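Each chain, letter by letter, is given below.
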Amino acid sequence: LKTMSTDEEQARYLEDSLKEVQKQAFYMKRAMDGDSLKLALDHATEMIRELRTNLLTPKNYYELYVKIQDEMRELEEYLNSLQRSGRSMVEIYEQVQCCANVVPRLYLLCCVGGVYIASK
């Protein structure tokens, strides 16, 4: 099993991951514009799943991580707007608990939890 890859392979792996993040972020934002929390969370989950890789070098993984964190700020702003409009953060927190994958669930719980704590 080959663990180290060439610069070209690394560039391709990173490009593929960033394209998927961009695509999922686009659909997440469309879902937020359509006020569909469930769909927005589904796309956020798919976007975060890109972090489940061992193909990237630490430098490229960090670049991917930073891009995802930038996109998650959009979700956080959306959650803040839901909270301000009276939506129950506990209900949203419980909805995120249904996410089947551990890594995306943790990121989403941190995002929702941060909005909830800030609202108190």
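Residues numbered from 1 in each chain as written. Predicted model: local features only at pLDDT ≥ 70, side-chain atom pairs only at ≥ 80, totals over all residues. Heavy atoms only, no water.

1. Side note on the nonpolar core
The nonpolar side chains of a soluble globular protein tend to be buried, and buried together. Stated precisely, the cut-off is as follows: The set of buried Ala, Val, Leu, Ile, Met, Phe, Trp, Tyr and Cys residues whose side-chain atoms join them within 4.5 Å is what this entry labels a nonpolar core. In this scheme, a residue with accessible area under 20% of its type's maximum is buried, one over 50% is exposed, and one in between is partly exposed, where area comes from a 1.4 Å probe on protein chains only. Numbered from the N terminus, helices here are DSSP runs of H or I no shorter than four residues, and strands are runs of E no shorter than two. Between two residues, a contact is recorded if the distance between any of their heavy atoms is within 4.5 Å.
By size, the foremost hydrophobic cluster in this structure holds 30 residues, and its most contacted members are Ile-68, Met-72, Leu-75, Leu-79 and Leu-108. Those elements giving two or more residues to this core turn out to be α1 (7-33), α2 (37-48), α3 (58-84), α4 (89-97) and α5 (102-119). Apart from residues no more than four positions distant in its own chain, Met-72 is found in contact with Ala-44, Met-47, Ile-48, Tyr-107, Leu-108 and Cys-111.

2. A few points about unusual backbone geometry
Phi is positive for Asp-35, which is not a glycine, with a value near 60 degrees. Residue position: Asp-35 is located in the loop between α1 and α2. What makes Asp-35 exposed here is its relative accessible area of 54%.

3. Examining the pattern of salt bridges
Convention followed: The term salt bridge refers to a pairing of a side-chain nitrogen on Lys or Arg with a carboxyl oxygen on Asp or Glu at a separation within 4 Å.
Applying the stated criterion across every chain yields a total of eight salt bridges. Across the pair Glu-15 and Lys-19 runs a salt bridge whose closest N-O atoms are separated by 3.1 Å. Placement of the pair is Glu-15 and Lys-19 together in helix α1, with a separation of four residues, close to one helical turn. Using a relative accessible area of 42% as the deciding quantity, one classes Glu-15 as partly exposed. A salt bridge links Glu-71 to Lys-29; its shortest N-O distance comes to 2.9 Å. Pair noted here: Glu-71 is in helix α3 and Lys-29 is in helix α1, with a separation of 42 residues, a long-range link.

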